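Coordinates in review
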Amino acid sequence: GQQVMQIPQYQHVQEGEDFTTYCNSSTTLSNIQWYKQRPGGHPVFLIQLVKSGEVKKQKRLTFQFGEAKKNSSLHITATQTTDVGTYFCAGRKAAGNKLTFGGGTRVLVKP
Amino acid sequence: DTEVTQTPKHLVMGMTNKKSLKCEQHMGHRAMYWYKQKAKKPPELMFVYSYEKLSINESVPSRFSPECPNSSLLNLHLHALQPEDSALYLCASSPKPPGTAVTEAFFGQGTRLTVV
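Sequence order as written defines the numbering, with residues in each chain counted from 1. A letter from A marks each chain and a number from 1 marks each ligand, given out in the order of writing. Residues qualify for local features only when their pLDDT is at least 70, as the model is predicted, and side-chain atom pairs are given and counted only at 80 or more; totals for whole chains, interfaces and linings, by contrast, use all residues. In computing side-chain values, all of the structure's heavy atoms are included and hydrogens and water are not.

Structural notes on the state of the cysteines
Only a pair of cysteine sulfur atoms within 2.5 Å qualifies as a disulfide here. In this structure the tally under the stated criterion is two disulfides over all chains. Here A:Cys23 connects covalently by a disulfide to A:Cys89, the sulfurs 2.0 Å from one another. On the S-S bond that ties A:Cys23 to A:Cys89, the torsion sits near 75°, and the link is right-handed. Linking A:Cys23 in strand E3 (residues 19–25) with A:Cys89 in strand E9 (residues 85–92), this pair joins segments that are 66 residues apart in sequence. A sulfur-sulfur distance of 1.9 Å marks the disulfide that ties B:Cys23 to B:Cys91. Sign of the S-S torsion, about -70° for the bond between B:Cys23 and B:Cys91, identifies this disulfide as left-handed. One end of the pair, B:Cys23, is in strand E3 (residues 18–25); the other, B:Cys91, is in strand E9 (residues 87–94), and 68 residues separate them in sequence. Considering cysteine sulfurs only, B:Cys23 is the nearest to B:Cys68, which forms no disulfide, with 9.2 Å between them. Relative accessibility thresholds used throughout: buried, under 20% of the residue-type maximum; exposed, over 50%; partly exposed, between the two (1.4 Å probe, protein chains only). Overall, B:Cys68 belongs to the buried group, its relative accessible area being 13%. Helix numbers and strand numbers start at the N terminus; a helix is a DSSP run of H or I with at least 4 residues, a strand a run of E with at least 2.

Below is the structure:
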């Protein structure tokens, strides 16, 4: 079955520094989505990438979809304490309604 | 209204109890989902409803029984659960039906279930 893996599992970041989390799928995806879940909260949609090689930015967050549509990355610059939470990528195969979540990257920010 | 509302927020039930989790959305979304999330794990898909019909059942044990009475409501009936079923149960909805352009999932706050 489809597997979506994320690395690293944990990311300890000094406030102000940058970091990147990576997402890899065992199969080609029609699209990939990113979600953020704060401690004690629920997943909140951040972005959706559909096109091969697509890059999207949201303020300090940059999302990229690989050329082969099997991997993605999220890069956060100048990390803030509000960035604390778990970032999940979620991939969907073509013409399907099943979203498969990666294991998540748990981000802790040191002030 | 851009919310997915789940009730109750917390539920403690015994292994012989019958209870139901409820989910409601008024965004006109045509796909609704149940996910189970254990601590420090990603959400795991349980069921997908499209146009009020069950389209995906991820081999979920029969002690979990979903129901979609109408396009706005989704229930999850629970019976004879085990302690290992304790988890956060998340409901989500998506605007578009299956097989069309991809669309994001809007999650509810979840029901934190404890089986004793």
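Having seen the structure, we can now continue with the description.
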